[in-house]
Amino acid sequence: MKQKEIRKVLVVNSGSSSLKYQLFDMKSETRLAKGLVERIGCGGPKDHAAALAQVVADLGDAAKGIDAIGHRILHGGEVFTDSALMTKANMAKAKKLVKFGPLHMPANLGGIEACEKIFKGVPNVGVFDTAFHIATMPDCAGMYAIDPKYYKKMGIRKYGFHGTSHKFITQAAAKFLKKPVSRVNLVTCHLGNGSSLAAIKNGGVVDTSMGLTPLAGMVMGTRCGDIDAAAVLAIMEAEKRTPAEMDTILNKKSGLLALAGSSDCRDICAKAEKGDKAAELALEMLAYRVALYIGAYNTVIGGADAIVMTGGIGENSKEVRERIIRRLGALGIKLDPKANQVRGELKVISARGSKIPVVIIPTNEELMIARDTVKVLSK
Ligand code: ADP
């Protein structure tokens, strides 16, 4: 029997109180519609099923003939090393991973259950933020140097996040460099409100900067990134903080916000421009850490074919890019200041004589989810 062509794909990002969606025609990879339902369970629709009913109403005729639905899911643990059809068995496996994302996972999985009700008979595919990393990351990068019982009992290890974005820009960079994905070596930098870097060897992740949770690695909008665990213990002890309070401090009240009064990189750049010392230091800390990881990851992959930048900051902030690239002279990387003026488009921003090109590639996680949805159902 000939397989049904998967053409019209709905992409759903179901959060705790909001639901974002995009509808694609995958024959031409064009977006037909996009939207957002907010205040789910707090003034707006009562639950995710009600939110989806609103999506159907908003889409009108466009909601007819949807062939498949792709869902963004925060955490796939070590179970999901690729996107997967969310059968009953896979839903049961995913539910066991709620402990890794108690806030996001119930909403992500709730979105799938709501789709099963509203779009009867339409297949749901899960696309996991961790899968691209966990599929290929070696243990020497993925394990923490603590008693292995914590890994065995609790799954404490590095998983990494933003995998869908790193995968999208890896594929786009390979195409741009005219290399097969399986032979491309990259350092991919997703710099946004949350930021992560990945070391890509032969098209797969060999290391990434986020860890068990998205708290590790870069200096972010409100997250501290890398910190000595003993510093966390010292604060808990001195201020008699509970783990939950400490979680809020490190995830929501640190990073650029704590250092310079705003989590928004544009505000920090504007303040630094006016001579604000705290903002200046915050930007230098952010850029320093990105450069530090680029150097390390370039070594790990045996030399990058390109450094790729994406995300709200990577795509738009010439100031931050300049501060990062200024630090990469030892790799023979040179900036082209004129090309660096670019915003939100694919462009090489390194100078002609640069030993490694630096390329801006706008990410498109929703399209990546739609592509994976088609791929899973075409198997
Ligand atoms: P999220 O991680 O929430 O998806 P984004 O990728 O949208 O976030 O990135 C948001 C960040 O991008 C914010 O810090 C914002 O200030 C920054 N940003 C967006 N446009 C610019 C710009 N023109 N200059 C500097 N920073 C920018």
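What counts as what
- All chains use their own residue numbering, which begins from 1 and follows the written sequence.
- Two thresholds apply to this predicted model, a pLDDT of at least 70 for residue-level local features and 80 or more for giving and counting side-chain atom pairs, whereas whole-chain, interface and lining totals are computed over all residues.
- The side-chain values count all of the structure's non-hydrogen atoms but skip hydrogen atoms and water molecules.
- The helix count covers DSSP runs of H or I at least four residues long, the strand count covers runs of E at least two residues long, and both are numbered beginning at the N terminus.
- Each residue's exposure class comes from its accessible area (1.4 Å probe, protein chains only) as a fraction of the maximum for that residue type: buried when under 20%, exposed when over 50%, partly exposed otherwise.
- Classification of ring pairs uses Phe, Tyr and Trp, with its six-membered ring standing for Trp, and accepts pairs whose centres are within 6.5 Å; under 30 degrees between planes counts as stacked, over 60 as edge-to-face, and the remaining range as tilted.
- Only lysine NZ and arginine CZ atoms are considered, and such an atom sits over a ring when it is within 6 Å of the ring centre and within 35 degrees of the ring normal.
- Helix axes are fitted only over the stretch in contact, all axes being lines through C-alpha atoms; the angle between N-to-C directions runs from 0 to 180 degrees.
- Roughly parallel here means an angle under 35 degrees, roughly antiparallel means over 145, roughly perpendicular means 65 to 115, and every remaining angle is called oblique.
- What makes a crossing left-handed is the near helix being turned counterclockwise from the far one by less than a right angle; a clockwise turn instead makes it right-handed.
- Note on definitions: a residue-residue contact is assigned when non-hydrogen atoms from the two residues lie within 4.5 Å.
- Definition of nearness: a residue and a molecule or strand are near each other if at least one heavy atom of the residue lies within 4 Å of the molecule or strand.
- For the purposes of these results, a polar contact is taken to be a pair of N or O atoms within 3.5 Å, where, inside protein, one atom must be able to donate a hydrogen and its partner to accept one; residues adjacent in sequence count only when each atom of the pair is a side-chain atom.
- Areas reported here follow the Shrake-Rupley algorithm with a probe of radius 1.4 Å; residue values treat only the protein chains shown as occluding.
- The definitions used throughout rest on a 1 Å grid laid over the protein atoms alone, on which a cavity is an enclosed set of points accommodating a 1.4 Å probe that cannot get out and a pocket is an open set flanked by protein within 12 Å on both sides along at least five of seven lines; lining residues are those having an atom within 4 Å of a point.
- Pocket or cavity membership: a molecule qualifies when more than half of its atoms sit within 2 Å of the grid points of that site.
- Nonpolar residues are Ala, Val, Leu, Ile, Met, Phe, Trp, Tyr, Cys and Pro. Charged residues are Asp, Glu, Lys and Arg, and all others, Gly as well, are polar.
- Two distance rules govern patches: like charges are joined within 9 Å, and nonpolar side chains (Val, Leu, Ile, Met, Phe, Trp, Tyr) within 5 Å, applied only to residues with over 30% relative accessible area and no salt bridge.
- Throughout this description, the term salt bridge denotes a Lys or Arg side-chain nitrogen within 4 Å of a carboxyl oxygen of Asp or Glu.

Things to note about unusual backbone geometry
With a phi angle near 55°, Arg 39 is a residue other than glycine that sits in the positive phi range. Along the polypeptide, Arg 39 turns up in the loop between strand S3 (30-37) and helix H1 (48-59). The class of Arg 39 is exposed, set by a relative accessible area of 53%. Despite not being glycine, His 162 shows a phi value in the positive range, around 60°. Checked against the element boundaries, His 162 lands in the loop between helix H6 (149-154) and helix H7 (163-177).

Here's the deal with the packing of aromatic side chains
Evaluation of the coordinates by the stated rule reveals 3 aromatic pairs. Measuring from centroid to centroid gives 5.1 Å for Phe 100 and Tyr 159, while their planes differ by 55°, and the two rings are tilted. Note that Phe 100 is positioned in the loop between helix H2 (88-95) and helix H3 (104-118) and Tyr 159 in the loop between H6 and H7, a separation of 59 residues in sequence. Relative to Tyr 297, the ring of Tyr 293 has its centre 5.5 Å away and its plane inclined at 85°; by these criteria the two rings are edge-to-face. Pair noted here: Tyr 293 and Tyr 297 are both in helix H12 (residues 277-300), with a separation of 4 residues, about one helical turn. Taking the relative accessible area as the measure of exposure, Tyr 293 reaches 15% and is therefore buried. For Tyr 297, a relative accessible area of 3% corresponds to the buried category. A cation over a ring is seen here: Arg 157 above Tyr 159, with NZ or CZ 5.7 Å from the ring centre.

Structural notes on the packing of helix H8 (residues 229-239) against helix H9 (residues 243-252)
Between H8 and H9, whose axes approach to 11 Å, the crossing angle comes to 125°. One finds that H8 runs oblique with respect to H9. Note that H8 runs across H9; the crossing there is right-handed. Of H9, the residues touching H8 (which contributes Val 232, Ile 235 and Met 236) are Pro 243, Met 246 and Leu 250.

So, the site of the ligand
Around the ligand there are 13 residues in total, and Asn 193, Asp 264, Cys 265, Arg 266 and Gly 312 lie nearest to it. In the model, an oxygen atom of the ligand is placed 3.3 Å from a nitrogen or oxygen of the Gly 194 main chain. Between the ligand and Arg 266 there is a distance of 3.2 Å, counted from an oxygen atom to a backbone nitrogen or oxygen. Protein burial of the ligand: of its 580 Å² of free accessible surface, 70% is covered by the chains. Spatially, the ligand is embedded in the second largest pocket. The element that contributes the greatest number of residues to the shell around the ligand is helix H13 (residues 311-316), accounting for 4 residues. Its residues assigned to classes, the shell around the ligand comprises 2 nonpolar, 8 polar and 3 charged.

A look at a nonpolar patch on the surface
On the surface, Tyr 144, Ile 146, Tyr 150 and Met 154 cluster together into a nonpolar patch covering about 360 Å² of accessible area. Inspection of the secondary structure assignment puts Met 154 in helix H6.

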